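One-letter residues, chain by chain:
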Amino acid sequence: MNNLKKSVFNFTYKRSEGENVIYNTFSKGLVVLGDVEFEQYENLCIEDEEIINGLVDNGMLIKKEYNEMAFLKYFHYKTKFAKDALFLTIAPTLDCNFGCPYCYENRRHGKMSVKVQDAIIEFIAETVNQGATTLNITWYGGEPLLYFSIVEKMSEKIVEIAKANGCKLVMDMVTNGYLLTEEIVERLDELGIIKVQITLDGMQKNHDKRRHLLNGGATFDKIVANLKLFDDSPIAVLIRMNVDNENYKDFGKLKALVAELKNSNVKVYASPVEDINKDKENSVSEFMSNEEFDEFTINATKGGDLSEDEFSVMDDRYCFCTAETENCYVVDEKGNFYKCWDEVGRTEYRCFNILDDETYNYFQIAKFVANDPFSDEKCANCVFLPICFGGCQFQKAHLIKSPCGFTEKTMINFIENTFFK
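Residues numbered from 1 in each chain as written. Predicted model: local features only at pLDDT ≥ 70, side-chain atom pairs only at ≥ 80, totals over all residues. Heavy atoms only, no water.

## Considering the overall build of the chain
- Looking only at helices and strands, the chain features 15 helices and 14 strands.
- What you see for the chain is a C-alpha radius of gyration of 23 Å, in line with the 22 Å of a compact globule of 421 residues.
- For the chain, the C-alpha atoms occupy an extent of roughly 70 × 50 × 40 Å along the three principal directions.
- Among the 421 residues that make up the chain, the fraction classed as buried is 52%.
- Considering only contacts in the chain between residues 6 or more positions apart, those separated by 24 or more positions represent 70%.
- When the accessible area of the chain is evaluated, it comes to approximately 19600 Å², of which 50% is carbon and sulfur surface.
- Between the mean site of the 47 positive side-chain charges and the mean site of the 68 negative ones, the chain shows a separation of 3 Å. (Helix = DSSP H or I, 4+ residues; strand = E, 2+ residues; numbered from the N terminus. Rg over C-alpha atoms; globule rule 2.2 N^0.38 Å. Buried < 20%, exposed > 50% of the residue type's maximum accessible area, 1.4 Å probe, protein only. Contact = heavy atoms within 4.5 Å. Areas by Shrake-Rupley, 256 points an atom, 1.4 Å probe, with all protein chains shown as cover. Lys, Arg positive; Asp, Glu negative; His and termini not counted. Charge placed at Lys NZ, Arg CZ, Asp CG, Glu CD.)

What follows is the structure in structure tokens.
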């Protein structure tokens, strides 16, 4: 073992008497050692060749000359400036038929003009000409179904670009789900939209208090009924529940309700309500702290259900968020391009306007793309770096809170539910 060292990305804990877990956050490998073998691992004096090979194969032991931090840096920077993929979120409108009190957007009437639509299509085509081989398109809002004809027309043109250039195309949609019809669901499938995110904020009482129509009308029953429109559809439906200290107890009940649909394509996940829009007074939410949300997720996943997106850290990503990559933008109905969903509609945060070459704001672009977790001493010495990469830059800049997304407790919970359920 003279030529081996321990990976700096080894996360360890004692599971029980005689069971010591080593999980590598870079390789995503896991090994369980007995007490004697774990002590030998700690002291780098393992006697069993098979154990040594297992630790090497899973990235827990590496050659002394191997600089794994440099390797991680390389893939981080390569991902940031890669030209092979475009991530574009398109909001045909920032208008909405809902009046959610915690909404972070400043609603405004109007829809995307044909001129802006055409400019976006041209932007996509140019990006393909520059080397993009994968197009990731998300339809967003406001409420995109208010102007579904725009979604249809632009999607058809994007499909044409992808087919003509042999590009992989992935399209999804974020909608409140209220305006869905059988015809729209069928059309979404025809257009190639493979996933739809819909929000239900718990059960009826809490949901209707938070996610009501502009006139105050209830929406829960109609959205739940609309979920049945996907019974015979291949489209995946992701139910997002925005949780805080008032409604979190509904999470289990909502999952049970969705389970009754008997559609394996419909899954539920939770996300914390955050006080993003300081221009609005939010009288509904009792915001969770990071610690409270961590405790909630631990309790919510007891029993091994890891269907929720935010509990999965197994993907081989090399940035925390695609907003940190050069080819990623959110565009509003006026043609303003932003880096982050949470900044859409606020012109002070726009990167540029597609109709005006003089509007480039390189500071806004650099705020995300130039973020370097390796220059942060805390991040550079953190075992969670390969799955966190410094966390959410929007939270760090605007919410004055730690963007750290992982703790020892949540990691142990993830490992237990993933490998030992």
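What follows continues from the structure just given.
## Describing the packing of aromatic side chains
- Scanning the entire structure with this criterion turns up 23 aromatic pairs.
- Ring centres of tyrosine 74 and phenylalanine 75 lie 5.1 Å apart, and the angle between their planes is 75°; on these two criteria the pair is classed as edge-to-face.
- For tyrosine 74, a relative accessible area of 47% translates into the label partly exposed.
- Ring geometry for phenylalanine 98 versus tyrosine 178: centroids 6.0 Å apart, planes at 75°, classification edge-to-face. Placement of phenylalanine 98 in the loop between strand E6 (85-90) and helix H4 (114-129) and of tyrosine 178 in the loop between strand E8 (168-175) and helix H6 (182-191) is noted, with a sequence separation of 80 residues between them. In terms of burial, phenylalanine 98 and tyrosine 178 fall into one category: buried.
- Counting every residue linked through ring pairs, the aromatic cluster contains Phe9, Phe26, Tyr66, Phe71, Tyr74, Phe75 and Tyr318.
- The lysine or arginine in question, lysine 6, covers the ring of tyrosine 41, its NZ or CZ lying 5.2 Å from the ring centre. (Phe/Tyr/Trp six-rings, centres within 6.5 Å; stacked < 30°, edge-to-face > 60°. Lys NZ or Arg CZ within 6 Å of the ring centre and 35° of its normal.)

## With respect to unusual backbone geometry
- The linkage connecting glycine 141 with the following residue, glycine 142, adopts the cis geometry, with an omega of 20°.
- For leucine 44, which is not glycine, the phi torsion reads 50° and is therefore positive.
- With respect to the helices, strands and loops of the structure, leucine 44 is situated in the loop between helix H1 (35-42) and helix H2 (49-57).
- Backbone geometry places phenylalanine 389, a non-glycine residue, at a positive phi of 50°.
- Turning to its location among the elements, phenylalanine 389 is positioned in the loop between helix H13 (385-388) and helix H14 (393-399).
- For phenylalanine 389, a relative accessible area of 0% translates into the label buried.

## A few points about the sheet that holds E8
- Read across the sheet, nine strands follow the order E11-E10-E9-E8-E7-E6-E12-E13-E14 without closing on themselves; strand pairing throughout is mixed. Single-partner strands in this sheet number two, and they are strand E11 (266-272) and strand E14 (352-353).
- Sheet topology note: the strand E13 (residues 336-338)/E14 ladder contains two bridges and is antiparallel. The residue of E14 that forms the bridge with phenylalanine 337 is phenylalanine 352. (Pairing = 2+ DSSP bridges.)

## Section: the sheet that holds strand E3 (residues 19-24)
- If you walk across this open sheet you meet the three strands as E2-E3-E4, and the pairing is antiparallel. The strands lining the two open edges of the sheet, one partner per strand, are strand E2 (10-16) and strand E4 (30-33). Strand-to-strand, the axes of this sheet are offset by a mean angle of 20°, without reference to chain direction.
- Two elements, E2 and E3, share six bridges in a ladder whose sense is antiparallel. Bridge assignment links asparagine 10 to a residue of E3, and that residue is asparagine 24.
- Contacting E2, E3 and E4, H1 crosses the sheet at an angle of about 45° to E3. (Axes fitted to C-alpha atoms, helices over the stretch in contact; angles between N-to-C directions.)

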